Every structure is written in structure tokens, then in C-alpha cells.
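# Structural features, examined
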Amino acid sequence: MPAQTIDGLALSRQIRAEVAERAAALAARGVTPGLAVILVGDDPASAVYVRNKVKACQEHGVRSVLETYDATLAEAELLKRIDSLNRDPAIHGILVQMPLPRHINPQRVIEAIDTTKDVDGYSVRSAGELVAGLPGLRPCTPWGCMKLIESTGVPLKGKHAVVIGRSNTVGKPMALMLLQANATVTVCHSATADIGHHTRQADIVVAAVGRRNVLTADMVKPGAVIIDVGINRDEHGKLCGDVDYAGVQGVAGWITPVPGGVGPMTITMLLSNTVDAAERTLET
Ligand code: NAP
């Protein structure tokens, strides 16, 4: 029997509807969730990402403030602007679109964002909260993957999860979230000798590499849940993930398609994080 599709578009729609309801409830209490999006320079892909984020905010009751700056903006100026957004009570989330021009140190910029407004969850302090199992804002893509896994109804407790990829933005936080959900976690990377040895024992595999066919049917345990984070192009220029979808869907129990799997969840979790951050201001 072919694997069941984990429909990221449908789950995304459902979570966005919940986000809109929470945003409306906040607005009724006088707090409109606000997200500041900063774009420096004229990278066309970044401009598209930013536009999509702003549009998603507008459609779900989140006020977005888009600030665009010339590529020559000095790092000190950007840090000053973040400092002022940190102190602005109408702004609950701050997102600086990456990559930044080369003369700006991205880590210094990320660390300048107040942790309570770090809706990308990329700062060292947000990472520390995740490591320590403390509440905090989680990186959007792996957080979306957790929601996709939850949507299958397969419990994570006691299961073996393998994450392929160990970037600070996807692989590592993904592994920590799975660990926190009581899975036993293995992390594979470019120096792992035999990835298939690990994935064949896995109940859940998350592939986050950026390379086609990292996971093929012979590497998958029957019935496993497969989450494909990768974004690649095949030889015909068609969008595809890291997983050999056609082969793996004949073995796995659940699988995310590319497109329509992890992709739609990332902006959704950004909206969710912004509303979370706004809700927390009423708790303190
Ligand atoms: P990244 O920073 O380039 O990290 C890639 C990871 O893959 C690294 O840890 C690397 O290992 C590992 N790797 C490279 N070649 C490998 C191989 N042959 N076997 C096993 N592991 C290998 O990428 P990323 O930012 O994590 O993103 C990964 C993919 O997800 C990309 O395709 C990206 O476009 C996509 N992505 C999608 C979304 C979405 O919303 N759908 C969001 C974010 C990212 P080393 O550490 O040893 O170098």
C-alpha cells in the first residue's frame, strides 16, 4: 500500500485559521500582533520571501511593518533600528531577512533582537531555551515539521527518529524538538559513514540536506514517517525534495510531498510565533 500523504497545505490552512482566531481574540483585548520585517538590499529571492510573509500577515490579522533598506546600510544603523523595534510595544516579532549584505555580521544582527521578539528562533538565547527545554520561540521550519509529524497521529514517545542534516536553522533544532518529544534521536550529516544503516531502523526520518535522493526506498523501514525539508530542482527544472518520493512512497507509511509539504508550514509557524509572542505580553 502506498504511503499516506501528509498534506502541508491543508495543515497550514488549519493552523492559519487558528492563528487568525487568536489574533482576533488579542485584538479584542487591545493588542494587535505586530511583526516587523526588515529587508536589506535587493536580492530578488529575498524580496519574494518577504512579500509572501507580509501578505500572510495581512490575511490573518497580524499587522506587518515592512522596512526596506539599501544594500549600503551600515551595520550600526541596522542595530540601532532593531534596538528601537525591541522597545516598541506594538511590535511583537522582528524578522531580519537573510542573507544580509557581506559587510553586515548576521549573527550580531540576530543576537541584537530581543529574545521575546525573536520569531525566527535563530538567536543563541532562543537555541539555549530549546536545549534546556524551556518555553520560547522555536525556529519555524523544524517547528512546522513537528506539527506535520503530530498530524499523522503517530506518537513520538519511544520511537527512533533520524534527522539527516545538522544546520543551526533546521537539522539541530529538529533533533532537539524530537528529543523533547521523547523520541530517541540520531543525527546524520555529510561525514556519516552509512546513512542507510541508521535510517533503516528509523520510525521517523527528517531529511534536511538540499541534495536530491539522499533518502531512497532501500534506506527506509516499512511504515516509517518521512518528512522532506529539502528544496532542489530535478534535471527538468522541476521542484523536488531530498527524498526519492516515487520510490520511498512505496515503502513508507506517511510522506510529505515537495511542493506542498514542509514549505507551506514555515510561514505559518512564523505567524504562529508572532501571535505567541503577542499573547505572552499579556501574561507578564
Ligand atoms: P544547510 O545549512 O546547507 O545544511 C545542510 C546539511 O546537510 C548540513 O548539515 C550538511 O552536513 C548536510 N549534508 C550535506 N551533504 C550531505 C550528504 N551527502 N549526506 C548527509 N548530509 C549531508 O541547509 P539547511 O538550511 O539546513 O537546509 C536544508 C534543505 O532544506 C535545503 O534544501 C533548504 O533549501 C531546505 N529548506 C527548506 C525550507 C522550507 O521551508 N521548506 C526551510 C529551510 C530549508 P555538514 O554539516 O556535515 O556539512
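Above: the structure in question.
Reference entry: report on the structure contained in this document. Quick caveat, the model's predicted, so the values are computed rather than measured.

Definitions and limits used
- Residues numbered from 1 in each chain as written.
- Predicted model: local features only at pLDDT ≥ 70, side-chain atom pairs only at ≥ 80, totals over all residues.
- Heavy atoms only, no water.
- Helix = DSSP H or I, 4+ residues; strand = E, 2+ residues; numbered from the N terminus.
- Expected span 1.5 Å × (residues − 1).
- Buried < 20%, exposed > 50% of the residue type's maximum accessible area, 1.4 Å probe, protein only.
- Arc of directions from axis to C-beta.
- Near = heavy atom within 4 Å.
- Polar contact = N/O pair within 3.5 Å; in protein donor to acceptor, adjacent residues only side chain to side chain.
- Nonpolar A, V, L, I, M, F, W, Y, C, P; charged D, E, K, R; others polar.
- Pairing = 2+ DSSP bridges.
- Right-handed = clockwise from strand over helix to strand, strands pointing away.
- Axes fitted to C-alpha atoms, helices over the stretch in contact; angles between N-to-C directions.
- Contact = heavy atoms within 4.5 Å.
- Salt bridge = Lys/Arg side-chain N within 4 Å of Asp/Glu carboxyl O.

## Description of helix α2 (residues 44-59)
In this model, α2 (16 residues) spans 23 Å end to end at C-alpha, consistent with the 22 Å of a helix rising 1.5 Å per residue. Inspection of α2 places Ser-46, Val-50, Lys-53, Val-54, Ala-56 and Cys-57 among the buried residues, and these make up the whole buried set. Each buried residue of α2 lies within a common arc of 160 degrees when the element is viewed along its axis, so the set occupies one face. Every exposed residue of α2 that faces more than 90 degrees away from the buried side is listed here: Pro-44, Arg-51 and Gln-58.

## What about the site of the ligand?
Around the ligand, 20 residues are found, and the nearest of them are Arg-166, Ser-167, Ser-190, Ile-231 and Thr-266. At 3.4 Å, a backbone N or O of Val-229 approaches an oxygen atom of the ligand. Between the ligand and Thr-266 there is a distance of 2.8 Å, counted from an oxygen atom to a side-chain nitrogen or oxygen. Here the residues of the shell around the ligand sort into eight nonpolar, 10 polar and two charged.

## With respect to the pairing of strand β2 (residues 34-40)
Counting buried positions over the seven residues of β2 gives seven, a clear majority of the element. Residues Gly-34, Ala-36, Ile-38 and Val-40 line one face of β2 and the alternating positions Leu-35, Val-37 and Leu-39 line the opposite face, and both faces are buried. In this sheet, strand β3 (residues 63-69) lies alongside β2 in parallel orientation, the contact comprising seven bridges. Paired with Val-40 across the two strands is Tyr-69, which belongs to β3. You can see the chain leave β2, run along α2 and come back into β3, and the turn it takes is right-handed. Relative to strand β4 (residues 93-96), β2 runs parallel, the two sharing four bridges. Pairing of Ile-38 across the sheet is with Val-96, part of β4.

## Re the sheet that holds β2
What holds strands together in a sheet is hydrogen bonding between their backbones, with the strands either parallel or antiparallel. Within the open sheet, the three strands sit side by side as β3-β2-β4. Their pairing is parallel. Only two strands of the sheet have a single partner each, and these edge strands are β3 and β4. Going across the sheet, the axis of each strand differs from the next one's by a mean of 15 degrees, ignoring polarity.

## Concerning unusual backbone geometry
For the peptide bond that leads from Met-98 to Pro-99, omega is 0 degrees, which places it in the cis range. Relative to the helices and strands, Pro-99 resides in the loop between β4 and α4 (106-112). Note that the residue after Val-258, namely Pro-259, is joined by a cis bond; omega there is 0 degrees. Looking at the secondary structure, you find Pro-259 in the loop between β11 (254-255) and α10 (263-283). Positive phi outside glycine occurs at Asn-182, with the angle close to 75 degrees. If you trace the backbone, Asn-182 turns up in the loop between α7 (171-180) and β6 (184-188). Positioned with a positive phi, Asn-213 is a non-glycine residue whose angle comes to about 55 degrees. Judged by its relative accessible area of 42%, Asn-213 is partly exposed.

## Here's the deal with the pairing of strand β7 (residues 204-207)
Of the two faces of β7, the one carrying Ile-204 and Val-206 and the one carrying Val-205 and Ala-207 are both buried. Bridge analysis of strand β5 (residues 160-164) against β7 gives four bridges, and the strand direction is parallel. What sits directly across from Ile-164, in β7, is Ala-207. The sheet contact formed by β7 and strand β8 (residues 225-228) spans four bridges and is parallel. Counted as the bridge partner of Ala-207 is Asp-228 from β8.

## Considerations on helix α6 (residues 140-151)
Residues separated by three or four positions in an α-helix point in the same direction, a consequence of the helix having 3.6 residues per turn. The terminal C-alpha atoms of α6, which comprises 12 residues, lie 16 Å apart, in line with the 16 Å expected from a rise of 1.5 Å per residue. By the burial criterion, the buried members of α6 are Cys-140, Thr-141, Pro-142, Gly-144, Cys-145, Met-146, Leu-148 and Ile-149. Among the structural elements, α1 (8-28), α7, β7, β8 and α10 are those in contact with the buried residues of α6.

## Points about the pattern of salt bridges
For the structure shown, the criterion picks out nine salt bridges. Several salt bridges converge on common partners, so that one network encompasses Arg-22, Asp-276 and Glu-279.

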